[in-house]
Amino acid sequence: MGSHHDEYQVQPGTILTRPFFILLFFVLVGLALIAYRFFAGVGAVTGLSDGYPWGIWIAYDVATGTAFACGGYALALLIYIMNRWKYHPLIRSAILTSVFGYCLAGFSVMVDLGRYWNAYGFFMPSRWQGNSVMFEVALCVMSYSTVLIIEFLPAVLYTLEHSKWKWVRESSHWLYARLIPDTEGFRNGLANVSKAAGHLQVRLDKVLIFFIVLGITLPSMHQSSLGSMMIIAGEKLSPLWQTGFLPLLFLINCIFIGYSTVMFESILSSFGFKRAYEVHELSGIARIVPWVAGLWMAIRFGDLIWRNQIPTILTFDKNALFFLLEVLLIGGGAFMMLSRRNRLSPRLLFLSGAILMLGGGLYRFNVYLIGFNPGEGWSYFPSVAEFLITVGIIAIEILGYLTLVKIFPVMPNPKKHFAEEGKEVVGETAGRVAPGGVYAGK
């Protein structure tokens, strides 16, 4: 990945925009409530109880949020396992999304822990419990977060190596002239940083394939383990979701959610940044989605039939209605992508991606929260503070993405790959936009 820098570009634009400050407001509100949570205790800001020991911080920020962050994993399967290198221009943007998703999922766990001050024990092998599914998830998520950061390092090192340090040099005229009289030495220091980044880049390129392999292996482990964790719930989880196939269903679920997130994020960022839509690559990804979602659906219903749970669906109670909604969203979103014409429409790619993310995410919510019943006398609904903390964490992800794509070469370079693939996509639905961002096809 490190030798393909010309596939990517820095997104031109101002960082301090109106959306930046709106997102920053929600980030600050969320961080303030998190600080209060650590000061006053988890009970002061949540609706959690002994019956419901976790709520939306785990159900969304961890179980669902990590699935939304599987775009890098899903693309890596295509690129490095199936040798589909035409999707490579999309990988860096997906990795950046994954970095935020996984790192903030780990942070959310720390916010959720009642006795967070004991977390240091995780780094002491003498306290490890190898039979614990939660330990395996924590270890894999932490390791995968580190791997993702390393996989994103080529973009950072490339920027450091080729940076002109313009803003640093300009600030040095009035700042460092007062603090550090030797401005020439300071500038030589910047040159040494660029040189060191170049040397590190060359060495990282030689070992990056090792981290790519880890980046494919680790999510396969912990995504299935997120399903295994709820097998422990036993009869507390509705039979519509409680099955020995939970690990397999969670793994397949994260793959089609990952592809859907790539579709959703690519179209949304192209629209927002007034870029040409990457329809050629996205249509290929969208062609895979119905097969993956179809496999998930076949296992899902095959298991329900085998366990004689179809009558449970026909009761049309709360659980049955959420089950039907989940299936309708996943099936509907996947069905839209069976048509080649639909796969060449940015609008329908975006809509299908959004619907599949919603349906796949609802499945995980159903398993972790909606279908979970600890018994009589227990109830749970998120507090306002819980909602705002989750919104703040989502705002950090979006704010970080919008900022870093304007600093590092993350977005696909249209001059590099549009020319190569433009000959393959013909007709009015070739997937291009005018400079103002208006789709020129459908």
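Cut-off values and rules
Residues numbered from 1 in each chain as written. Predicted model: local features only at pLDDT ≥ 70, side-chain atom pairs only at ≥ 80, totals over all residues. Heavy atoms only, no water. Salt bridge = Lys/Arg side-chain N within 4 Å of Asp/Glu carboxyl O. 1 Å grid on protein atoms, 1.4 Å probe; cavity = no way out; pocket = protein on both sides within 12 Å on 5 of 7 lines; lining within 4 Å. Points joined across faces, edges and corners; volume = space filled by probe spheres on them. Helix = DSSP H or I, 4+ residues; strand = E, 2+ residues; numbered from the N terminus. Nonpolar A, V, L, I, M, F, W, Y, C, P; charged D, E, K, R; others polar. Core = buried A, V, L, I, M, F, W, Y, C linked by side-chain atoms within 4.5 Å. Buried < 20%, exposed > 50% of the residue type's maximum accessible area, 1.4 Å probe, protein only. Contact = heavy atoms within 4.5 Å. Phe/Tyr/Trp six-rings, centres within 6.5 Å; stacked < 30°, edge-to-face > 60°.

### Remarks on the pattern of salt bridges
Counted under the stated rule, the structure contains three salt bridges. As a salt-bridge pair, Arg-275 and Glu-278 come within 3.3 Å of each other at their nearest N and O atoms.

### Regarding empty space enclosed by the protein
Tallying each qualifying case throughout the model produces four cavities of 30 Å³ or more. Around the largest cavity, the lining residues are Gly-72, Tyr-73, Ala-76, Tyr-80, Ile-91, Ile-95, Tyr-144, Leu-148, Glu-151, Ile-212, Gly-215 and Ile-216. Per-element tally for the lining of the largest cavity: the top contributor is helix H3 (residues 71–81), with four residues. For the lining of the largest cavity, the class distribution of residues is nine nonpolar, two polar and one charged.

### What about the layout of surface pockets?
Of the pockets and cavities examined, the largest pocket occupies roughly 940 Å³. Around the largest pocket, the lining comprises 33 residues; the ones closest to its centre are Val-109, Leu-113, Phe-122, Met-134 and Ala-138. When its volume is computed, the second largest pocket comes out at roughly 620 Å³. Around the second largest pocket sit 20 residues that line it, and Thr-97, Phe-264, Glu-265, Leu-268 and Ile-398 are the ones nearest its centre. Going through the elements one at a time, helix H1 (18–40), helix H2 (56–68), helix H4 (91–112), helix H9 (246–272) and helix H15 (384–404) are the ones with two or more residues in the lining of the second largest pocket. At six residues, the largest contribution of residues to the lining of the second largest pocket is made by H9. Tallied by class, residues from the lining of the second largest pocket come to 13 nonpolar, five polar and two charged.

### Looking at the nonpolar core
Note that soluble globular proteins tend to have their nonpolar side chains buried in a common cluster. Counting 116 residues, the largest nonpolar core has Tyr-73, Leu-75, Met-230, Tyr-259, Ile-285, Val-367 and Tyr-368 as the members making the most contacts within it. Ranked by residue count, the leading element in this core is H9, at 13 residues. Discounting chain neighbours no more than four positions away, the residues touching Tyr-368 are Trp-54, Ile-58, Ala-59, Ala-63, Leu-226, Met-229, Met-230 and Phe-250. Membership of the second largest hydrophobic core comes to five residues, among which are Leu-23, Val-27, Ala-395 and Leu-399.

### A short note on the packing of aromatic side chains
The final tally for this structure, using the stated rule, is 21 aromatic pairs. Relative to Phe-211, the ring of Phe-210 lies with its centre 5.4 Å away and its plane at 75°, an arrangement referred to as edge-to-face. The buried category is assigned to Phe-211, whose relative accessible area is 17%.

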